[in-house]
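Residue-level listing of the chains:
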Amino acid sequence: MEERQIFTDKDIWRVITLYGLNTSTYKIALAETLNSLVRQGITNASYEILAQEFFKLYNKRLDNGMPQLNHDTRYTKMEQIVTRFKGGAVDYDEAIAYVKNNAFDNVIPRFHNLNQFDLPQKFYEITKGGIVLTDSVFNVFNDNESEALHNELEARWSLLESAFAMKRENAKLINDIKRFYLVRGYERTDITYMRDMLNGYQEGRCFYCGEMLDQNHIHVDHVIPRTVLNHDEPWNLALAHEYCNEHKNDALPSRYYVQKLVDRNERLISSNHPLSKKIIEALGITPLKRKTETFRIYDEILAAFGAKNIWGGENFKPENDPFYRSMIRYIVKR
Ligand SMILES: [Zn+2]
């Protein structure tokens with residue numbers, strides 16, 4: 001497996017734009033804005049300039065009618081102001097003033113943040129009146145890769161829009177299945193004791209990426225999201241990095257990880273682990289019954305959620321992704 005220790009500016013750029021936790025499309029729009037500023041040779045960008053760039057992007061983008069926020073019913077400030085502008089309720093100057101005052105509060109301070117991790121390279125410094133671009137962002141775009149990176153951002157932007165749209169369309173179906181499990185579920189329990197119970201069965205490694213866990217920051221993850229199942233049964237719990245856990249969020253993992261979970265549970269049972277009894281009670285008395293039941297639950301939820309709600313897509317295995325793994329090693333070491 002390829003070993004990469006040092007992250008170049010371009011690596012960090014990709015970490016931000018491809019692996020960030022996006023609840024809206026703002027980070028991608030800011031990345032496009034930076035790309036545009038570099039092309040124009042602008043180093044010092046006031047909030048006025050940023051607002052103009054941002055507005056231009058969204059004004060064009062929103063012709064596609066796609067949602068920009070990971071929410072069933074709410075809309076971003078950019079969607080709101082562009083809609084008002086297009087409807088003639090505000091003029092251009094009013095729209096720019098609105099963007100200047102409302103769009104940047106979160107995205108500008110948090111652009112270099114991957115969850116709670118502050119990334120080392122900064123593509124701009126924040127000043128009182130705006131931002132100053134650093135050499136790093138010029139390095140990213142310096143070798144005629146501007147077009148390729150632009151296409152990467154476009155693809156990521158479209159992907160987020162489809163995921164958000166899917167969430168809206170499937171809201172009813174998803175709510176039905178959530179209600180079904182809610183009736184059978186229970187309130188959150190304390191599952192921190194699971195860290196010690198499961199640690200030995202993962203050889204100190206993250207269930208998802210396979211990199212060593214930082215023993216002080218182990219997260220107990222619900223492999224099939226708790227937001228659906230509403231229970232903390234051990235058969236569905238695994239240990240993961242904080243980042244992997246939060247990046248996966250409430251999505252379903254790919255099938256590969258369901259099989260991995262089945263295998264893990266069988267290892268627990270065959271070693272007469274204290275949790276064996278609970279797992280057998282929940283899933284069945286034979287290995288085949290347990291496997292069938294695990295996949296039945298997964299498939300039932302998948303049918304309601306749709307394949308688009310699989311974390312990273314059906315074939316996503318961070319375990320086999322050298323870039324993902326080196327990113328995690330980098331984060332955990334610090
Ligand atoms: Zn991990």
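Residues numbered from 1 in each chain as written. Predicted model: local features only at pLDDT ≥ 70, side-chain atom pairs only at ≥ 80, totals over all residues. Heavy atoms only, no water.

- The protein has the name HNH endonuclease in an unreviewed UniProt entry, where Schwartzia succinivorans DSM 10502 is given as its organism.

**Some remarks on the coordination of the zinc ion**
Right, on to step 1. Protein coordination at the zinc ion comes from Cys206 (SG), Cys209 (SG), His241 (ND1) and Cys244 (SG), with a distance range of 2.1 to 2.4 Å.
Right, on to step 2. Its four donor atoms give the zinc ion angles of 95 to 117 degrees at the centre, a pattern that matches the tetrahedral case.
Right, on to step 3. By relative accessible area, which is 3% here, His241 ends up buried.
Right, on to step 4. Taking the relative accessible area as the measure of exposure, Cys244 reaches 0% and is therefore buried. (Donors = N, O, S within 2.8 Å, 3.2 Å for Na, K, Ca; no water. Tetrahedral: all angles 85-135°; square planar, octahedral: opposite > 155°, others 65-115°. Buried < 20%, exposed > 50% of the residue type's maximum accessible area, 1.4 Å probe, protein only.)

**Points about the environment of Ala31**
Right, on to step 1. Its location among the elements puts Ala31 in helix α2 (residues 26-40).
Right, on to step 2. Ala31 gets classed as buried once you look at its relative accessible area, which sits at 0%.
Right, on to step 3. The sequence separation of Ala31 and Phe111 amounts to 80 residues, and the corresponding C-alpha distance is 8.7 Å.
Right, on to step 4. Residues in contact with Ala31, not counting those within four places in the same chain, are Trp13, Thr17, Phe111 and Leu153. (Helix = DSSP H or I, 4+ residues; strand = E, 2+ residues; numbered from the N terminus. Contact = heavy atoms within 4.5 Å.)

**Here we look at the domain arrangement of the protein**
Right, on to step 1. If you check the domain split of the protein, you get domain 1 (9-168) and domain 2 (171-333).
Right, on to step 2. Taking only C-alpha atoms into account, the centre of domain 1 sits 33 Å from that of domain 2.
Right, on to step 3. Contacts between the two partners involve 16 residues from domain 1, matched on the other side by 14 residues from domain 2.
Right, on to step 4. Across the domain 1/domain 2 interface, buried area totals approximately 1,400 Å², and carbon plus sulfur atoms make up 66% of it.
Right, on to step 5. Sorting the residues of domain 1 by area buried against domain 2 places Tyr19, Phe117 and Met166 first, and these three jointly supply 41% of that buried surface.
Right, on to step 6. Across the domain 1-domain 2 interface, the total number found is three residue pairs in polar contact (both at pLDDT 80 or more). (Domains from an automatic or database assignment. Buried area = accessible area lost by both parts, 1.4 Å probe. Polar contact = N/O pair within 3.5 Å; in protein donor to acceptor, adjacent residues only side chain to side chain.)

**So, the packing of α2 against helix α8 (residues 146-169)**
Right, on to step 1. One can describe the packing of α2 onto α8 by two numbers: an axis separation of 10 Å at closest approach and a directional angle of 160 degrees. Judged by the angle between their axes, α2 and α8 are roughly antiparallel. The two elements α2 and α8 meet at a crossing, and its hand is left-handed. Note on element contacts: α8 touches α2 through Ser146, His150, Leu153, Glu154, Arg156, Trp157 and Leu160, opposite Ile28, Ala29, Ala31, Glu32, Asn35 and Arg39.
Right, on to step 2. Its residues placed into classes, the contact of α2 with α8 shows six nonpolar, three polar and four charged. (Axes fitted to C-alpha atoms, helices over the stretch in contact; angles between N-to-C directions. Parallel < 35°, antiparallel > 145°, perpendicular 65-115°, else oblique. Left-handed = near helix turned anticlockwise from the far one by under 90°. Nonpolar A, V, L, I, M, F, W, Y, C, P; charged D, E, K, R; others polar.)

**Here's the deal with the pairing of strand β7 (residues 237-241)**
Right, on to step 1. The buried fraction of β7 is high, at five of five residues.
Right, on to step 2. Where strand β6 (residues 218-222) lies against β7, five bridges are found, and the strand directions are antiparallel. Bridging from a neighbouring strand, His222 pairs with Leu237 of β7. (Pairing = 2+ DSSP bridges.)

**So, the packing of aromatic side chains**
Right, on to step 1. As enumerated under the stated definition, the model contains 26 aromatic pairs in all.
Right, on to step 2. Note on Phe55 and Phe85: the rings are 5.1 Å apart at their centroids and 85 degrees apart in plane angle, and the pair reads as edge-to-face. Of the two residues, Phe55 sits in helix α3 (residues 47-61) while Phe85 sits in helix α4 (residues 77-86), which places them 30 residues apart along the sequence.
Right, on to step 3. Taking relative accessible area as the criterion, Phe55 reaches 2% and is therefore assigned buried.
Right, on to step 4. Judged by relative accessible area, Phe85 falls into the partly exposed class, the value being 24%.
Right, on to step 5. Members of the aromatic cluster, joined through ring pairs, are Phe7, Tyr19, Phe207, Tyr208, Tyr243, Tyr256, Tyr257, Trp311, Phe316, Phe323, Tyr324 and Tyr330.
Right, on to step 6. The ring of Phe180 has Arg184 lying over it, and the distance from NZ or CZ to the ring centre is 3.8 Å.
Right, on to step 7. The ring of Phe207 is capped by Lys260, whose NZ or CZ atom sits 5.0 Å from the centre of that ring. (Phe/Tyr/Trp six-rings, centres within 6.5 Å; stacked < 30°, edge-to-face > 60°. Lys NZ or Arg CZ within 6 Å of the ring centre and 35° of its normal.)

**A closer look at the nonpolar core**
Right, on to step 1. In this structure, Trp13, Leu34, Phe54, Ile301 and Tyr324 are the most contacted members of the largest nonpolar core, which totals 100 residues.
Right, on to step 2. Ranked by residue count, the leading element in this core is α2, at eight residues.
Right, on to step 3. The residues that make up this core include at least three from each of domain 1 (9-168) and domain 2 (171-333).
Right, on to step 4. Dropping the residues within four chain positions of it, Trp13 is found in contact with Ala31, Leu34, Phe111, Phe123, Val137, Val140, Phe141, Leu149 and Leu153. (Core = buried A, V, L, I, M, F, W, Y, C linked by side-chain atoms within 4.5 Å.)

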